[in-house]
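Residue-level listing of the chains:
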Amino acid sequence: MKLENELRLPFYVSATMLILGLYLFVLILIQLQGILLPLIYSTLLAIVIAPFPEKLARLGFSRFWSIITVLITSLILLAGIAFLISSQWHKLVETWPQLQAKINDLWAGLIAFLSSHIDYNTKQMEDIGSSLKTELLSNGSGKISVTISSLGGFITTVMLTPVYVFMLLFYKSHIINFIHKQSGSIYNKQVRAILTKTKKLIRQYLYGLCIQIAILAVLNTVGLFIIGIEYAVLLGVMGAFLNLIPYLGGIMAVLIYATIALLTQSPIHVLYVGILYGLIQFIDNNLLVPKIVGSKVSLNAFVSILAVICGASL
């Protein structure tokens, strides 16, 4: 007891060491993001798809070919989804001049409405609109180089992720044995329990999210198609992923839907979009989340938003 009291550090020393350690940890994450990001993505994907190579191995496939088969199948499915979304995006880019003309018409109508109901100079409103357009164009051109450099990192991540997934699955037993050796033989049972519980939790949660995203994407796409909104597939998938961000994601999605509806259809379609999204959110909050995601794991909304913001900053 006397030795423990002598070794116990004052609060201000331990707090300083903790803050310094967190700072160094975040700094290391930032410096090594090019290596860590593909590795993190690969680890999550490996945990998700690990049962499928194991099933193929039980059917007589070798470990190598079972992993290759699952990876190729997954890549084909992802490529099909990416092709479908990219075709919609290409269509949106082609019709952008028409959308821009519609934006100009709406802005002119807004100026005329405000000028007739509010004692405000029309010329000043037009100058504000022109300055906003100029600022948007200048910001967009200024970020082209940033986008190109980011694209290189994205391509690197996409190319490395399947390789890492294969290596993680192929050498899974060696990695687990390494972890056991580092922890010591006396803690084998505890380490095995922690690894099993962590793997099960991550797998169930990601399965639940994938099911939720798929159902929401179908509901969004079918709903937007029924009410006549263009680019239904692109918007439906985008809204399904935005829905992962608690509260804010739903607001962002419905604003995007309403904007596209206003630009491509009549103003009444904005009301249709609001009714559609309200119905889908009711289904999601009362059926999908409690039954699919909530039954797997419960996450605090504040922690989720904070994690998204911190992850984006890193």
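**As for the overall build of the chain**
Here is step 1: Each helix and strand in the chain was counted, giving 14 helices and zero strands.
Here is step 2: N-terminal to C-terminal, the α/β element order of the chain is α-α-α-α-α-α-α-α-α-α-α-α-α-α.
Here is step 3: Of all 314 residues assigned to the chain, the portion counted as buried reaches 24%.
Here is step 4: The contacts of the chain with a sequence gap of at least 6 include a subset with a gap of at least 24, amounting to 67%.
Here is step 5: For the chain, the computed accessible surface area is about 21600 Å², with 74% contributed by carbon and sulfur atoms.

**A look at the pattern of salt bridges**
Here is step 1: Scanning the entire structure with this criterion turns up one salt bridge.
Here is step 2: A salt bridge links E54 to K172; its shortest N-O distance comes to 2.5 Å. Of this pair, E54 sits in helix α4 (residues 51–58) while K172 sits in helix α9 (residues 172–183), and the two are 118 residues apart along the sequence.

**Description of a nonpolar patch on the surface**
Here is step 1: On the surface, V163, M167, Y171, I175, I176, F178, I179 and L195 cluster together into a nonpolar patch covering about 650 Å² of accessible area.
Here is step 2: Listed by contribution, the elements that provide at least two residues to the nonpolar patch are α8 (144–170) and α9.
Here is step 3: Among the elements that take part in the nonpolar patch, α9 stands out by supplying four residues, more than any other.
Here is step 4: Of note, M167 is situated in helix α8.

**A look at the packing of aromatic side chains**
Here is step 1: Going through the model one piece at a time under the given rule, you end up with five aromatic pairs.
Here is step 2: Here F64 and W65 contribute two aromatic rings whose centre-to-centre distance is 5.1 Å and whose plane-to-plane angle is 90°, an arrangement assigned as edge-to-face.
Here is step 3: For F64, a relative accessible area of 36% puts it in the partly exposed group.
Here is step 4: The class of W65 is exposed, set by a relative accessible area of 52%.
Here is step 5: Each ring, one from F170 and one from Y171, has its centre 5.0 Å from the other, and the planes form 85°; the classification is edge-to-face.
Here is step 6: Three or more aromatic residues joined by ring pairs form one cluster here, namely F64, W65, F166, F170 and Y171.

**What about the nonpolar core?**
Here is step 1: Core analysis: the largest hydrophobic core is formed by 22 residues, its most contacted members being L224, I227, I229, L235, Y257 and V273.
Here is step 2: Every element with two or more residues in this core is listed here: α10 (188–226), α11 (232–242), α12 (248–264) and α13 (268–293).
Here is step 3: The element that contributes the greatest number of residues to this core is α11, accounting for six residues.
Here is step 4: For Y257, the residues in contact, after removing those within four places along its chain, are N220, L224, L235, G236, G239, V273 and Y277.
Here is step 5: I49, L56, F166 and L169 belong to the second-largest nonpolar core, a separate cluster that totals 13 residues.

Conventions used here
- Residues numbered from 1 in each chain as written.
- Predicted model: local features only at pLDDT ≥ 70, side-chain atom pairs only at ≥ 80, totals over all residues.
- Heavy atoms only, no water.
- Helix = DSSP H or I, 4+ residues; strand = E, 2+ residues; numbered from the N terminus.
- Buried < 20%, exposed > 50% of the residue type's maximum accessible area, 1.4 Å probe, protein only.
- Contact = heavy atoms within 4.5 Å.
- Areas by Shrake-Rupley, 256 points an atom, 1.4 Å probe, with all protein chains shown as cover.
- Salt bridge = Lys/Arg side-chain N within 4 Å of Asp/Glu carboxyl O.
- Patch = residues over 30% accessible without salt bridge, like charges linked within 9 Å, V, L, I, M, F, W, Y side chains within 5 Å.
- Phe/Tyr/Trp six-rings, centres within 6.5 Å; stacked < 30°, edge-to-face > 60°.
- Core = buried A, V, L, I, M, F, W, Y, C linked by side-chain atoms within 4.5 Å.

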